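# Architecture at a glance
Chain by chain, the residues run as shown.
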Amino acid sequence: MPRSVLATALTVALLSATPTLAEEAAPPEMAKATLINTDGEEAGMATLTQGPSGVLIHVKVEGLTPGKHGLHLHAHGVCEPHEGFKTAKGHVGKVPGGHGLLNPEGPEPGDIPNIFVGADGVGEMEAFTSLVSLVEGPNNLLDEDGSTFILHEDADDHLTQPIGGAGARVACGVIEAD
Ligand SMILES: [Cu+2]
């Protein structure tokens with residue numbers, strides 16, 4: 001092969017291996033959830049951002065009892081305050097005996113760390129999980145029947161079944177593509 005033809009072939013190969021600008025600039029997949037309390041009043045906001053290996057979660061709440069509260073991803077995208085938010089169903093990816101970030105048999109994909117609420121009733125947390133997705137797989141939070149954040153009355157000890165002793169459901173937010 002003449003040298004100039006080889007050089008051209010190499011250039012074409014290199015160009016085709018370079019990502020296009022559109023691919024590089026593609027924004028991350030985002031979702032959000034407005035949390036409501038058991039009176040149906042707004043109690044906070046959550047944002048979710050898809051990263052290359054999981055989802056970054058940010059939650060901010062207000063008007064809640066000070067202290068630690070269990071926070072989970074639940075498997076159904078309906079928040080009905082008068083039903084005690086039972087309409088959100090169980091945890092994403094729930095398996096018997098599998099709840100808890102510290103559970104040798106766990107965790108469930110819906111398990112995330114607690115949120116801490118201060119004396120002023122305001123709480124905020126950031127967490128990352130590779131067990132769920134906003135774009136694909138069996139634990140896609142934006143699947144057909146949706147998903148929710150559920151904030152519980154008490155702390156999750158990350159071990160006790162079935163919900164870490166976290167008690168009643170006090171706030172709920174439907175996760176929606178943003
Ligand atoms: Cu829960």
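### Re the side chain of Ser-133
Along the chain, the position of Ser-133 falls in the loop between strand E7 (123-129) and strand E8 (148-152). In this view, Ser-133 contacts Gln-50, Val-55, Asn-139, Asn-140 and Leu-141; residues no more than four positions away in its chain are not counted.

### Describing unusual backbone geometry
Pro-107 follows Gly-106 through a cis peptide bond whose omega is -5 degrees. Mapped onto the secondary structure, Pro-107 falls in the loop between strand E5 (71-74) and strand E6 (115-117). A cis geometry characterises the amide bond from Gln-161 onward to Pro-162, with omega recorded as 0 degrees. Looking at the secondary structure, you find Pro-162 in the loop between E8 and strand E9 (169-174). Not every positive phi belongs to a glycine, and Lys-89 is a case in point at roughly 60 degrees. Looking at the secondary structure, you find Lys-89 in the loop between E5 and E6. In this structure Lys-89 comes out as partly exposed when scored by relative accessible area, which is 48%. Residue His-158 is not a glycine yet carries a positive backbone phi of 65 degrees. Of note, His-158 is situated in the loop between E8 and E9.

### A few points about the pattern of salt bridges
Taken as a whole and assessed by the stated rule, the structure comprises 2 salt bridges. Notably, a salt bridge pairs Glu-108 with Lys-94, separated by 3.3 Å at the nearest N-O pair. Of this pair, Glu-108 sits in the loop between E5 and E6 while Lys-94 sits in the loop between E5 and E6, and the two are 14 residues apart along the sequence. Note on Glu-108: relative accessible area 0%, which makes it buried.

### Description of the coordination of the copper ion
Taken together, the protein donors to the copper ion comprise His-72 (ND1), His-74 (NE2), His-91 (NE2) and His-152 (NE2), at separations of 2.1 to 2.7 Å. If you list the donors of the copper ion from N- to C-terminus, the spacing comes out as H-x1-H-x16-H-x60-H. One end of the pair, His-74, is in strand E5; the other, His-152, is in strand E8, with 78 residues separating them in the sequence. Note on accessibility: His-74 and His-152 belong to one class, buried.

### Remarks on the nonpolar core
Most often, soluble globular proteins keep nonpolar side chains buried together rather than apart. Judged by nonpolar contacts, the single largest core of 26 residues is most densely connected at Leu-48, Ile-57, Val-59, Leu-73 and Phe-149. Within the residue set of this core, elements represented by two or more residues are strand E1 (30-37), strand E2 (42-51), strand E3 (54-61), E5, E6, E7, E8 and E9. Counting residues per element, this core draws most heavily on E3, which supplies 4 residues. Each residue touching Leu-48, except ones within four places of it in the same chain, is listed here: Glu-29, Met-30, Ala-31, Lys-32, Val-55, Leu-56, Ile-57, Leu-134, Leu-141, Phe-149 and Ile-175. Formed by 5 residues, the second largest nonpolar core is a distinct cluster that contains Cys-79, Phe-85, Ala-88 and Ile-150.

### Here's the deal with the side chain of Gln-50
Assignment of secondary structure puts Gln-50 in strand E2. Since its relative accessible area comes to 16%, Gln-50 is described here as buried. A polar side-chain atom of Gln-50 sits 3.3 Å from the main-chain carbonyl oxygen of Gly-54. In this structure the side chain of Gln-50 is engaged in a polar contact, spanning 2.7 Å, whose partner is the backbone nitrogen of Leu-134. Apart from residues no more than four positions distant in its own chain, Gln-50 is found in contact with Pro-28, Glu-29, Val-55, Ser-133, Leu-134 and Val-135.

Basis of the calculations
- Residues numbered from 1 in each chain as written.
- Predicted model: local features only at pLDDT ≥ 70, side-chain atom pairs only at ≥ 80, totals over all residues.
- Heavy atoms only, no water.
- Helix = DSSP H or I, 4+ residues; strand = E, 2+ residues; numbered from the N terminus.
- Contact = heavy atoms within 4.5 Å.
- Buried < 20%, exposed > 50% of the residue type's maximum accessible area, 1.4 Å probe, protein only.
- Salt bridge = Lys/Arg side-chain N within 4 Å of Asp/Glu carboxyl O.
- Donors = N, O, S within 2.8 Å, 3.2 Å for Na, K, Ca; no water.
- Core = buried A, V, L, I, M, F, W, Y, C linked by side-chain atoms within 4.5 Å.
- Polar contact = N/O pair within 3.5 Å; in protein donor to acceptor, adjacent residues only side chain to side chain.

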